[in-house]
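Commentary on secondary and tertiary structure
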Amino acid sequence: MGTVGQNDKKWPLRRVRIGLAALVLATLAPSCGPADPETASAGRRQPLKAPPARALDAYATKLRAAHTARVAAARHWGLKRVPLTAPPPPAKKPRITTRDGFEVDGHRRLGLPPVFTTVPTERKVVFLTIDDGAEKDPAFLRMMNELRVPYSAFLSDYLVEEDYAYFEKMRDSGAGLHNHTLRHPYLPGLSYARQKREICGMQKVMEKRYGERPALFRPPYGNYNKDTLRAAKSCGIAYVPLWNAEVFADHWDYREWDRSLHPGDIVLTHFRGREDWNGSMPDMIRRFLDKVTAEGYAVARLEDYL
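Let us look at the structure shown here. (Residues numbered from 1 in each chain as written. Predicted model: local features only at pLDDT ≥ 70, side-chain atom pairs only at ≥ 80, totals over all residues. Heavy atoms only, no water.)

**Here we look at the overall build of the chain**
The helix and strand inventory of the chain stands at 9 helices and 9 strands. Per-residue burial over the chain gives 46% buried out of 306 residues. Of the roughly 15800 Å² of accessible surface on the chain, a fraction of 51% belongs to carbon and sulfur atoms. (Helix = DSSP H or I, 4+ residues; strand = E, 2+ residues; numbered from the N terminus. Buried < 20%, exposed > 50% of the residue type's maximum accessible area, 1.4 Å probe, protein only. Areas by Shrake-Rupley, 256 points an atom, 1.4 Å probe, with all protein chains shown as cover.)

**What to know about the pattern of salt bridges**
Under the defined criterion, the tally for this structure stands at 13 salt bridges. Of the charged contacts, one joins Asp283 and Arg274 as a salt bridge, the two residues approaching to 3.5 Å between their closest N and O atoms. Each of Glu168, Arg171 and Asp172 takes part in a single network of salt bridges with overlapping partners. (Salt bridge = Lys/Arg side-chain N within 4 Å of Asp/Glu carboxyl O.)

**A few points about helix H4 (residues 138-147)**
Turning to H4, its buried residues are Ala139, Phe140, Leu141, Met143, Met144 and Leu147. Capping the start of H4, Asp137 holds a side-chain oxygen 2.9 Å from the backbone nitrogen of Ala139, two or three residues further along. At the C-terminal side of H4, Arg148 shows a positive phi close to 55 degrees. (Polar contact = N/O pair within 3.5 Å; in protein donor to acceptor, adjacent residues only side chain to side chain.)

**What about the pairing of strand S2 (residues 125-132)?**
The element S2 is extensively covered by neighbouring structure, given that 8 of its 8 residues are classed as buried. Across 5 bridges, the pairing between S2 and strand S8 (residues 266-270) is parallel. Bridge pairing in S8 links Thr129 to Leu268. As paired elements, S2 and strand S3 (residues 152-155) share 4 bridges and run parallel to each other. (Pairing = 2+ DSSP bridges.)

**A word on the packing of aromatic side chains**
On inspection of all chains with the given rule, the structure shows 10 aromatic pairs. Taken together, a centroid distance of 6.1 Å and an interplanar angle of 85 degrees make the contact between Phe140 and Phe271 edge-to-face. Here Phe140 is found in helix H4, whereas its partner Phe271 is found in the loop between S8 and helix H9 (281-294), with 131 residues between them in sequence. Look at Phe140 and you get buried, because its relative accessible area is 0%. Taking 6.4 Å as the distance between ring centres and 75 degrees as the angle between the ring planes, the aromatic pair formed by Phe248 and Trp277 counts as edge-to-face. You can see Phe248 sitting in the loop between strand S6 (245-247) and strand S7 (252-254) and its partner Trp277 sitting in the loop between S8 and H9, a full 29 residues away along the chain. Accessibility classification places Phe248 together with Trp277 in one group, the buried group. Within the aromatic cluster, the residues linked to one another by ring pairs are Phe140, Tyr151, Tyr166, Phe167 and Phe271. One Lys or Arg, Arg230, reaches over the ring of Tyr192 and ends 4.3 Å from the middle of that ring. Over the aromatic face of Trp252 sits the side chain of Lys291, whose NZ or CZ is 5.8 Å from the ring centroid. (Phe/Tyr/Trp six-rings, centres within 6.5 Å; stacked < 30°, edge-to-face > 60°. Lys NZ or Arg CZ within 6 Å of the ring centre and 35° of its normal.)

**Things to note about the packing of helix H7 (residues 192-210) against helix H8 (residues 226-234)**
Following both chains from N to C, one finds H7 and H8 inclined at 45 degrees, their axes separated by 9 Å at the closest point. Classified by the interaxial angle, the pair formed by H7 and H8 is oblique. Handedness of the crossing formed by H7 with H8: right-handed. Judged by residue contacts, Tyr192, Gln195, Lys196, Ile199 and Cys200 of H7 engage Asp227, Thr228, Arg230, Ala231, Ala232 and Ser234 from H8. The residue makeup of the contact of H7 with H8, split by class, is 5 nonpolar, 3 polar and 3 charged. (Axes fitted to C-alpha atoms, helices over the stretch in contact; angles between N-to-C directions. Parallel < 35°, antiparallel > 145°, perpendicular 65-115°, else oblique. Left-handed = near helix turned anticlockwise from the far one by under 90°. Contact = heavy atoms within 4.5 Å. Nonpolar A, V, L, I, M, F, W, Y, C, P; charged D, E, K, R; others polar.)

**Brief notes about unusual backbone geometry**
One non-glycine residue, Asp132, lies in positive phi territory at about 85 degrees. Following the sequence through the fold, Asp132 ends up in strand S2. Judged by its relative accessible area of 2%, Asp132 falls in the buried class. Unusually for a residue other than glycine, Arg148 sits at a positive phi of about 55 degrees. Mapped onto the secondary structure, Arg148 falls in the loop between H4 and S3.

**A word on the packing of H4 against H9**
Put simply, H4 and H9 touch, their axes get as near as 8 Å, and they point 35 degrees apart. Counting all contacts with H4, which are made through Ala139, Phe140, Met143, Met144 and Leu147, the residues of H9 involved are Met281, Pro282, Ile285, Arg286 and Leu289. The residue makeup of the contact of H4 with H9, split by class, is 9 nonpolar, no polar and 1 charged.

**Looking at the nonpolar core**
If you look at soluble globular proteins, the nonpolar side chains tend to sit buried side by side. Residues Phe140, Met170 and Phe288 are the most contacted members of the largest nonpolar core, which totals 46 residues. If we skip the residues at most four places from it in the chain, Phe140 touches Ile130, Tyr151, Tyr166, Met170, Phe271, Met281, Pro282 and Ile285. Grouped together as the second largest cluster of nonpolar side chains are 31 residues, Phe102, Leu216, Leu242 and Leu302 included. (Core = buried A, V, L, I, M, F, W, Y, C linked by side-chain atoms within 4.5 Å.)

Shown next as C-alpha cells:
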C-alpha cells in the first residue's frame, strides 16, 4: 500500500471509594482480639469510631463541592448542560489495532504502530484531541481547567516555540502533550531519513521542554506511508491516533456516513482563533461539549485507554 491520507482540517475516584468502604466495614466488624469484659458481658457492639465517619463525610462534602463548582463553571462558560463525568479508566486496556483500510504493506509483520480513529469500548465516551499549537488563547486554558475536561494536544515545534510556557501550563493541568512533527510537512513526500528527522526531532523537543518523549504521534494532515510508520516506531512511537469526527467553532465534520458520534470516537480540532474560524476556541469547546453532553457522552482521557 502506498500513501494513506486523511483530511486535516488524573482524577480516579474508585480506589478512594473502596478504601473508605473497607475502613467502615473493618470498624463495624467484631474485633478479633480479646474482648472487653464489660462490653462482652453486656453483649454490645463497639460504636462506630469517629475517624471513618469523618472521612466519609469529608469525601461526600468534597464530591458536593466539586459538582457545585462544575455547575458554576458550566453556567459561566455558557454551556447548555453540565458536562458528564467520565467513568474511571478501564482496569484492562482495550486492544488497539489498525483500522481496516489504514494499513501499510507489512504493517503487522513489521510491528508498526497501529493507526486508528476510534478506541474499542462500549462506554459512552469520546476523546478530544487538538492539533498544531497555532492559537494560544488564555481563555481556553481557563475554560478547560474550570470545567475539568480532559484532552490531548499534538504539537508542532515551529508553532509552539513561540510560547513553550503556554503548553507547559497545559501539561501541568493534566493535558497530554504529543508529537505532530517539527514543521508540519506532508510526510509521504519526504524520504525516510527526513521523516525520521521530523518525528525524532520533535521527540527531543518534547523531552527537553516537557520532560518526556511521547508515545503518541499524529502525522500532519493525517497523511502517512510505510516510511512514516517505520520512522515513528524507531523514534519510540507506540500509537498513531487519527480521528473519526472534527469540530470547529461553527460546525462538525464526520468520517462515517451516518454523521454521528460513536462510543470511543476520537474527535479532532485545532488551535485556532477568530482569524481562521467564525469564532474562538471557547466557542469551539461550547459546540463540542453541548453536543456530546446532549447525546449522553462523557469526555475521557485518551491516554487512559492506551
